[in-house]
Amino acid sequence: MAKPFASSADLEEKRQTLEVLADGVYALTAEGDPNIGAIEGEDFLVCFEALATPAAARTWLARLREHTGKPVRYLVLSHYHAVRVLGASAFEADVILTHEKTRELIAERGEADWASEYGRMPRLFAEPESIPGLTWPTATFAERFTIDLGGDRGDLVLQYCGRGHTEGDIVAWLPRHRVLFTGDLVEAEAALYTGDAFHHDWATATLDRVAAFGAEALVGGRGAVAKGREACDAAIAQTRGFLDVMRQEVGFVHGRGGPLKEAFEAAHAALAPKFGQWPIFEHCLPFDVARLWEEYSGVERPTVWTAERDREVWAQLQD
Ligand SMILES: [Zn+2]
């Protein structure tokens with residue numbers, strides 16, 4: 001029997017958990033659905049990620065408002081993917097902040113990505129008609145952007161670590177509490193989506209830079225919060241492990257001139273024992289392998305995913 005397309009048959013609501021990681025530091029996790037966060041400044045809030053729709057974001061904000069009523073000065077978006085950014089209008093933020101590449105990617109492929117992600121993960125798009133349009137950053141940076149949180153709260157450091165999950169991912173680092181929000185650069189017991197990725201950069205220098213923070217709590221893109229140095233290192237190692245297995249398996253088939261389908265089957269067989277039961281594994285892998293195949297074929301930048309291309313690749317590999 002054909003597998004249902006991507007996550008189109010995943011309709012069961014996930015349970016959301018709000019955790020206070022330190023004074024004024026919040027994370028909302030949701031059993032493998034996209035994670036989000038917030039950091040209190042002395043008289044303002046920084047929110048990290050915006051979810052897929054304003055309606056979905058308002059549910060999160062209602063929970064956050066049980067803890068703090070401060071206005072949102074900054075909405076930080078770790079990268080351009082629709083399920084992270086299209087809820088932005090609900091935050092009424094003074095500043096929407098991304099990496100400069102993210103703005104370019106939204107201009108180049110934001111519309112296509114919206115249609116693609118809606119088709120792949122319709123459940124995440126609560127009240128899709130509440131989306132007013134693409135989300136545009138109002139400020140961008142290239143390497144590092146520091147927000148003084150005021151009082152004795154220290155800084156929040158936004159840092160680009162190199163190409164990875166996309167061309168423009170950033171992380172948010174709270175040195176005072178040693179808490180790191182990584183976006184989709186690290187997943188904790190959730191499969192990786194690498195359809196827009198730069199696998200080789202990600203698995204090497206970029207994850208090295210992420211690891212170098214020495215975080216003691218890590219909020220990944222999906223999955224539970226990692227707590228303690230050991231758990232943080234394990235989440236990073238597990239992300240790198242997923243990438244390394246893919247690079248090895250797909251690289252081997254590509255190198256001997258085999259077909260894409262065989263590379264997909266080899267990667268699936270190698271990853272399934274460890275990662276097969278994790279959220280979105282079956283959903284992601286065809287898109288992941290298709291992108292990595294491009295990299296091995298010398299295609300520098302990921303081909304834009306459209307709703308049509310999604311279905312073609314799915315039919316080629318997963319049916
Ligand atoms: Zn993403």
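Located above this text is the structure these notes cover.
Asker: I'd love a proper account of helix 3 (residues 100-120), names of residues and values included.
Answerer: Remark: the principal bend of helix 3, roughly 70°, maps to arginine 109. Along helix 3, the positions that sit buried rather than exposed are Thr102, Leu105, Ile106, Arg109, Gly110, Asp113, Ser116, Glu117 and Arg120.

Asker: Go over the pattern of salt bridges with me, naming the residues and quoting the values.
Answerer: Charged atoms that come close allow side chains of opposite charge to pair. Scanning all chains against the criterion turns up 25 salt bridges. The closest approach of N and O atoms between glutamate 19 and lysine 227, which form a salt bridge, is 2.4 Å. One end of the pair, glutamate 19, is in strand 1 (residues 17-22); the other, lysine 227, is in strand 13 (residues 226-227), and 208 residues separate them in sequence. Looking at glutamate 19, the relative accessible area reads 18%, which means it is buried.

Asker: Give a detailed account of the sheet that holds strand 7 (residues 139-141), specifying residues and quantitative values.
Answerer: Spatially, the 7 strands line up as an open sheet ordered 1-2-3-4-5-6-7, and their pairing is mixed. With partners counted over all chains shown, the strands left at the sheet margins are strand 1 and strand 7, one partner each. Recorded for the sheet is a direction-independent mean angle of 20° between the axes of neighbouring strands. Note that strand 3 (residues 33-40) and strand 4 (residues 45-48) share 4 bridges and pair antiparallel. In the sheet register, isoleucine 39 faces strand 4, and the bridge partner there is valine 46. Sheet strands touched by helix 3: strand 6 (95-99) and strand 7. Its angle to strand 6, the strand with the most contacts, is close to 95°.

Asker: Describe the sheet that holds strand 13, and please don't skip the residues or the numbers.
Answerer: Taken in spatial order, the 6 strands make up an open sheet running 8-9-10-11-12-13, and their pairing is mixed. The open sheet has two edge strands with one neighbour each: strand 8 (144-148) and strand 13. Pairing of strand 10 (residues 170-174) with strand 11 (residues 179-183), which is carried by 3 bridges, proceeds in the antiparallel orientation. Looking across to strand 11, one finds that leucine 174 is bridged to valine 179.

Definitions and limits used
Residues numbered from 1 in each chain as written. Predicted model: local features only at pLDDT ≥ 70, side-chain atom pairs only at ≥ 80, totals over all residues. Heavy atoms only, no water. Bend = angle between axes of the 7 residues up to and from the residue. Helix = DSSP H or I, 4+ residues; strand = E, 2+ residues; numbered from the N terminus. Buried < 20%, exposed > 50% of the residue type's maximum accessible area, 1.4 Å probe, protein only. Salt bridge = Lys/Arg side-chain N within 4 Å of Asp/Glu carboxyl O. Pairing = 2+ DSSP bridges. Axes fitted to C-alpha atoms, helices over the stretch in contact; angles between N-to-C directions. Contact = heavy atoms within 4.5 Å.

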